[in-house]
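Structural description and commentary
Listed below, chain by chain, are the residues.
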Amino acid sequence: MGTTKASWWVPGDWNALFGLGTNVLVNLLVLTGLLKFVIQLPDEVIFGRILPAVGLMIFLGNMFYAYLAQKLASKSGRSDVAALPSGPSVPHMFFVVLAIMLPIKIQTGDPMLAWQAGLAWVFIEGIVLFIGAFVAPHVRRLTPRAALLGTLAGISITFISMKPAMEIFQSPVIGLVSLAIILAGWFGGVRYPGKVPAGLIAIGVGTALAWLSTWFDLGIGLMSMDSVSQSIAAVGVALPSFSLGLVFDGLNQYWAFILVTAIPFGVYDFIEAMDNVESAAVAGDEYSEKQVIGAEGIISLVGTLFGSPFANAVYIGHPGWKEMGGRIGYSAVTGVFVLVVTWLGVVGLMLAVIPQVAIIPILLYIGMLIGAQAFQSTPSKHAPAVIFALIPNLAAWGKVLIDGALGAAGTNAAAVGLDKLANQGVLYRGLEVLGSGAILVGLIFGAMAVFIIDRNYKPAAAFALSAAVLTYFGFIHGPAVGIGSGLGISPTITIAYLAVAAILFWCDGLEKTEAPAD
């Protein structure tokens, strides 16, 4: 097929722009809050060094994925190609702050050392991600679609959808009204007057309700003019600066502490990115895993070398932005938008003017769409495999909630006692083990289930063996990567997976009923 020139902008890009742009904005606001209130970094470092580097990273990511979309559209002659969305990795945002930077901040009392450790962590993770780009095509070819999309659905239901849903019901007048506007526009096909994008109307209405409730003291006020005034005073131009020395300072001091988590997170990252490439393929846009994941690693490294302790990620949600009309321009303009708000220092001002509850219904919409795709785009007989792939992420999410609640009370699960928690129906140890490495575990669970359903036992056994190997080295079901003693980091689980593999090999030689029809 001959090449044709693809359009960089279509009317549907407005909807996707407000969707992805506000999604990334929410994450920028969250990471700013984590750095400011948890790590207690000074404003000049957050707004003068880190956010400009994050903005550069997100700009490069979205521009590159827009370029890949334009290339695919021109090559295929199609006008419906949508770019992959990109932004700061949400799981890593919380992990690098709470599990890497915060312990060092507590131990040393120095937030600058914590920042250096965060830079070093992402540097190692970016290298692992880049290497993973070369094996991802093979993993994707061998793994059933239900496994890839099922573990992605687990993330969408838990870490993407649940927090927005809870926040909506903390401020229901604003949240539910904004959600209704979005659902009617993006699921229900409603065209609002003047063809104004549903995302813009939802944010505008939610913001107006928040300010009106504050001015008239209706009991749901979320806004403050003092915060707006302080944010305006903080606006100013800040450009990224090279921070290689800080990266190596962090590596020199904390390399052992960093390696045990950066390596497995790099593995999880390339699996998640591979899932998102598969999700885009289901929606009709086939991208190269090597190009997409390799770029994710390189762009994360670039951001880190300029001061960003956060990784870049291909976002979940490509089918959602494509369904609402997004094509190529929405990604590129999102990158430009983020560059402007981070380099001009207006992130704090936007945080003061726009209530988060008016934005987060967009995340809930994306979570709904991705969760549904796992069932809609796989054979119906594989539905149990999708459910099986969801479970590890549910466990990981449950542990996060428990740890957060106990941490707020000044304690932890070990101090409370695992037996006491178990007596109340909280099987903390089970959540901890099942949820460790949830993305990989979900992929393995889903693949095993698909092959068993299809009466194809040898590949199912092979995935069980891979689970035993990953468990042995602590990539899944373990607190850290290593070898340990005997049968590795988690010996009993390693033995259990070996037994499962043996049983499945044995089943391959037994008489079987026919596989169910699709």
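1. With respect to the overall build of the protein chain
For the protein chain, the count of helices and strands is 22 helices and 2 strands. Against the globule reference of 24 Å for 518 residues, the protein chain gives a C-alpha radius of gyration of 23 Å, in line with a compact fold. Overall size of the protein chain, expressed as C-alpha extent along the three principal axes, is 70 × 60 × 45 Å. Per-residue burial over the protein chain gives 55% buried out of 518 residues. For the protein chain, the share of sequence-separated contacts (at least 6 apart) that also reach a separation of at least 24 residues comes to 82%. Total accessible area on the protein chain stands at roughly 21,100 Å², and carbon and sulfur atoms take up 69% of it.

2. Considerations on the environment of Y472
Turning to its location among the elements, Y472 is positioned in helix 21 (residues 457–472). It is 6.3 Å that separates the C-alpha atoms of Y472 and S490, two residues lying 18 residues apart in sequence.

3. Structural notes on the nonpolar core
If you look at the biggest cluster of nonpolar residues, it comprises 139 residues, and the most contacted ones within it are L28, L41, M101, Y287 and F310. At 13 residues, the largest contribution of residues to this core is made by helix 2 (residues 43–76). The residues touching F310, leaving out its near neighbours within four places in the chain, are L31, L35, I50, V54, M57, M93, V96, V97 and V122. Listed in part, the 10 residues of the second largest apolar core include A146, A385, V386 and I453.

4. Here we look at the pattern of salt bridges
Taken as a whole and assessed by the stated rule, the structure comprises 9 salt bridges. Across the pair R145 and E278 runs a salt bridge, and its minimum N-O distance is 2.5 Å. Remark: E278 occurs in helix 10 (residues 244–282) and R145 occurs in helix 6 (residues 145–170); sequence separation between them is 133 residues. For R145, a relative accessible area of 35% corresponds to the partly exposed category. The residue D285 makes a salt bridge to K322 at a minimum N-O spacing of 3.0 Å. Taken together, the residues D285 in the loop between helix 10 and helix 11 (289–305) and K322 in helix 12 (residues 318–323) connect sequence positions 37 residues apart. Classification of K322 by relative accessible area gives buried; the value is 10%. A cluster of three or more residues bridged by salt bridges with shared partners is formed by R78, D80, D285 and K322.

5. Notes on the packing of aromatic side chains
Considering all chains together, one arrives at 11 aromatic pairs under this definition. Between W211 and W215, the ring centres sit 5.7 Å apart and the planes meet at 40°, which makes this aromatic pair tilted. Pair noted here: W211 and W215 are both in helix 8 (residues 198–215), with a separation of 4 residues, about one helical turn. Taking 4.4 Å as the distance between ring centres and 10° as the angle between the ring planes, the aromatic pair formed by F388 and F445 counts as stacked. Note that F388 is positioned in helix 16 (residues 383–408) and F445 in helix 20 (residues 438–453), a separation of 57 residues in sequence. A relative accessible area of 11% places F445 in the buried class. One aromatic cluster is present, formed by F64, Y65 and Y67 through successive ring pairs.

6. Considerations on helix 11
Side chains three or four residues apart in an α-helix point the same way, a direct result of the helix having 3.6 residues per turn. Look at helix 11: 24 Å from first C-alpha to last across 17 residues, which is about the 24 Å you get at 1.5 Å a residue. Within helix 11, 12 of the 17 residues are buried, which leaves it mostly tucked inside the rest of the structure. Downstream of helix 11 by a residue or two, G307 has a phi angle that is positive, lying close to 115°.

7. Overview of the packing of helix 7 (residues 172–186) against helix 15 (residues 361–376)
Where helix 7 contacts helix 15, the two axes come as close as 9 Å, and the packing angle between them is 45°. As summarised for this structure, helix 7 and helix 15 are arranged oblique, according to the angle between their axes. For the crossing formed where helix 7 meets helix 15, the hand is right-handed. Along its contact with helix 7, which presents G175, S178, L179, I182, L183 and W186, the element helix 15 presents P361, I362, L364, Y365 and M368. When its residues are assigned to classes, the contact of helix 7 with helix 15 shows 9 nonpolar, 2 polar and no charged.

8. As for the side chain of S171
Position of S171 among the secondary structure elements: in the loop between helix 6 and helix 7. With residues near it in sequence (within four places) discarded, S171 still touches L222 and V357.

9. Looking at the packing of helix 21 against helix 22 (residues 491–508)
Each pair of packed helices gets described by two things: the angle between the helix axes and the distance between those axes. It is the contact of helix 21 with helix 22, at a shortest axis distance of 8 Å, that shows an interaxial angle of 170°. The orientation of helix 21 relative to helix 22 falls into the category roughly antiparallel. Here Y457, K458, A460, A461, A464, L465, A467, A468, T471 and Y472 of helix 21 come into contact with helix 22, specifically with I493, T494, Y497, L498, V500, A501, L504, F505, C507 and D508. Residues that form the contact of helix 21 with helix 22 fall into these classes: 16 nonpolar, 2 polar and 2 charged.

10. Regarding the confidence of the model for the protein chain
Residues at a pLDDT of 70 or more form 93% of the protein chain, whose mean pLDDT is 85. Helix 5 (residues 136–142) is the least confidently modelled element of the protein chain, averaging 74 in pLDDT, while helix 22 averages 95, the highest of any element.

11. As for helix 7
Across its 15 residues, helix 7 extends 20 Å between first and last C-alpha, which sits within 8% of the 21 Å expected from 1.5 Å per residue. The inward-facing, buried residues of helix 7 contact helix 1 (12–38), helix 6, helix 8, helix 12 and helix 15.

12. Overview of a nonpolar patch on the surface
Judged by side-chain polarity, M63, V237, L239, V336, V340 and L344 come together as a nonpolar surface patch covering roughly 490 Å² of accessible area. Counting through the fold element by element, L239 comes out in the loop between helix 9 (225–233) and helix 10.

Definitions and cut-offs
Residues numbered from 1 in each chain as written. Predicted model: local features only at pLDDT ≥ 70, side-chain atom pairs only at ≥ 80, totals over all residues. Heavy atoms only, no water. Helix = DSSP H or I, 4+ residues; strand = E, 2+ residues; numbered from the N terminus. Rg over C-alpha atoms; globule rule 2.2 N^0.38 Å. Buried < 20%, exposed > 50% of the residue type's maximum accessible area, 1.4 Å probe, protein only. Contact = heavy atoms within 4.5 Å. Areas by Shrake-Rupley, 256 points an atom, 1.4 Å probe, with all protein chains shown as cover. Core = buried A, V, L, I, M, F, W, Y, C linked by side-chain atoms within 4.5 Å. Salt bridge = Lys/Arg side-chain N within 4 Å of Asp/Glu carboxyl O. Phe/Tyr/Trp six-rings, centres within 6.5 Å; stacked < 30°, edge-to-face > 60°. Expected span 1.5 Å × (residues − 1). Axes fitted to C-alpha atoms, helices over the stretch in contact; angles between N-to-C directions. Parallel < 35°, antiparallel > 145°, perpendicular 65-115°, else oblique. Left-handed = near helix turned anticlockwise from the far one by under 90°. Nonpolar A, V, L, I, M, F, W, Y, C, P; charged D, E, K, R; others polar. pLDDT = per-residue confidence, 0-100. Patch = residues over 30% accessible without salt bridge, like charges linked within 9 Å, V, L, I, M, F, W, Y side chains within 5 Å.

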